[in-house]
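The primary structure of each chain is shown beneath.
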Amino acid sequence: MRNPQLNVDGKLQHLLTIEGLPREVLVHILDTAASFIGVTEREVKKVPLLRGKSVFNLFFEASTRTRTTFEIAAKRLSADVINLNITASSSTKGETLLDTVDNLSAMHADMFVVRHSSSGAAHLIANHVASHVHVINAGDGRHAHPTQGLLDIYTIRHYKKDFTGLSVAIVGDVLHSRVARSLIHALTTLGAPDVRVIGPRTLLPTGVEQLGVSVHHDMREGLAGCDVVVMLRLQSERMKGPLLPSAQEFFKSYGLTPQKLALAKPDAIVMHPGPMNRGVEIDSSVADGPHSVILPQVTFGIAVRMAVMSILAGN
Amino acid sequence: MDLPDAEALCEELARKLRAGATESTGLVGIRTGGAWLAERLHRELKLSTPMGALDISFYRDDFDVAGLHHQVKPSQIPFDVNGRHIVVIDDVLYTGRTVRAAMNELFDYGRPGKIELAALVDRGERQLPIAAQYVGATLSVPAGKLLRLARDERGKFFLRLYDAKPAA
């Protein structure tokens, strides 16, 4: 079966998941993003690539950072951006997802950026829209968040230059994390040889080893000698049932403190997709410390989203 | 067809440019061939203002047809363009569309005082009202062929003729 993200010429038509994307596609996105970094340092922080195109931000789930950076990215490409916060609108009146999309298509949408709490929502829309319309998944349930995975590998490449020989530790609530899944796929595609997931049994998906990662329940053992530490948000709003004793207990075992970080390499970088729970998964002195690249991640995210939008729109 | 010696044309271009450029002139090469040329001219003219390079991929007028170029490199303009005399440099001047895109990009850095254009080869067939002030040679090239500057492993320039890809 053809990858639903690729068009008949094998070019990227939609960005739904990193899983199954060839290495060249990922590298092309990262290289293009590097060229967009400089655009934001000019007097006019815009390029005319998407002039006359309409980008609809369809957010069925709350988001500040992702929605804002997508909006900025589209505006820096000169597109017209329409933000829809659907939780407060049609769906509460009973309209189905595809009816909403059809109505927006009738308003001549060229691109949809979709966030939804159900896994597969962006796929559903991508299969439904006309062939000139592009869909970007901005997070679907527990499944994927490909632009976050891309900005994570952009950040890692920026600071570490290369993926060969790199040890990356992903810590915390992997079970509920679409960010972790997208990042693992990106890292293995780019050939990172040592990807570790660290967390309590209750917050690691069963069979996660099959993604090509090693599993650790002891954070000290898992962090030893690693180059990159990716802390995940403890997704308390997604947690149903007693998966955890308490946030304090979690911090004791899996919170990133200066003492635990000292076990990683001296030049290790610390990443977090945001929003952070200070004192739950990360100590403030680490979040604001010299190893932290959490704010550069946000800045890089704009360039990466510009790259994805312009590559899709040109295919 | 016989192609002229690119090294000789480059010398000719440097000679002409020397008369028009001052210490504060900013040379801006269009990637890839124009940037190589700007590098060489910048060295030979011993200008104190650092040279710039533009990748016009984000400003092309055929984005809807051709999509994004596969190997985009960052543009670099290491000087203040406001009020400055700038010479845009390209290897081959043809339709003029590349130069238009380059001028649009330059204006996103500020308001230049004056922009001039230098090209190693002017092959005519303009589709826009654009002319070069400094030209190495004018040359007529058959339609459907692309003329480009190339470099050998020692950095020596030569011209190459390609078959243009059929329009998508």
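Definitions and cut-offs
Residues numbered from 1 in each chain as written. Chains lettered and ligands numbered in written order. Predicted model: local features only at pLDDT ≥ 70, side-chain atom pairs only at ≥ 80, totals over all residues. Buried ≥ 20, exposed ≤ 12 C-beta atoms within 10 Å, placed from the backbone. Helix = DSSP H or I, 4+ residues; strand = E, 2+ residues; numbered from the N terminus. Pairing = 2+ DSSP bridges. Domains from an automatic or database assignment. Contact = placed C-beta atoms within 7 Å. Nonpolar A, V, L, I, M, F, W, Y, C, P; charged D, E, K, R; others polar. Axes fitted to C-alpha atoms, helices over the stretch in contact; angles between N-to-C directions.

> Could you give an account of the pairing of strand E8 (residues 228-231) of chain A, naming the residues involved and the relevant values?
Residues and elements named next belong to chain A. Here E8 shows no split at all, with Val-228 and Val-230 on one side and Val-229 and Met-231 on the other all buried. Pairing geometry for strand E5 (residues 167-171) and E8, over 4 bridges, is parallel. By the bridge assignment, Val-168 is partnered in E8 with Val-228. In terms of strand pairing, E8 meets strand E9 (residues 269-271) through 3 bridges, oriented parallel.

> For the domain arrangement of chain A, give the residues involved together with the corresponding values.
Residue and element names in this part refer to chain A. The assigned domain composition of chain A is domain 1 (23-145 + 298-314) and domain 2 (146-292). Here the C-alpha centroids of domain 1 and domain 2 sit 26 Å apart. Contacts between the two partners involve 21 residues from domain 1 and, on the opposite side, 20 residues from domain 2. Elements supplying a minimum of two residues to the side of domain 1 that touches domain 2: helix H1 (23-37), strand E4 (134-140) and helix H11 (294-314).

> Run through the interface of chain B and chain A, naming residues and quoting values.
On the chain A side, the residues contacting the 14 residues of chain B number 17 residues. A class-by-class count of the residues in the side of chain B that touches chain A yields 7 nonpolar, 4 polar and 3 charged.

> Outline the sheet that holds strand E3 (residues 85-93) of chain B, listing residues and values.
As a general point, the strands of a sheet are linked pairwise by backbone hydrogen bonds and lie either parallel or antiparallel. Residues and elements named next belong to chain B. An order of E2-E1-E3-E4-E5 is seen for the 5 strands of this open sheet, with the pairing classed as parallel. Each edge of the sheet is formed by a strand with only one pairing partner; in this case those strands are strand E2 (52-54) and strand E5 (134-138). Strand-to-strand twist across the sheet, computed as the mean angle between neighbouring axes with direction ignored, equals 25 degrees. As judged from the 8 bridges shared by E3 and strand E4 (residues 114-122), these two strands associate in the parallel manner. Paired with Val-88 across the bridge in E4 is Leu-117. In this fold helix H2 (residues 33-45) packs onto strand E1 (26-30), E2, E3 and E4, with an angle of close to 150 degrees to the strand it touches most, E1. Sheet contacts for helix H4 (residues 97-107): E1, E2, E3 and E4; angle to E3, the most-contacted strand, approximately 155 degrees.

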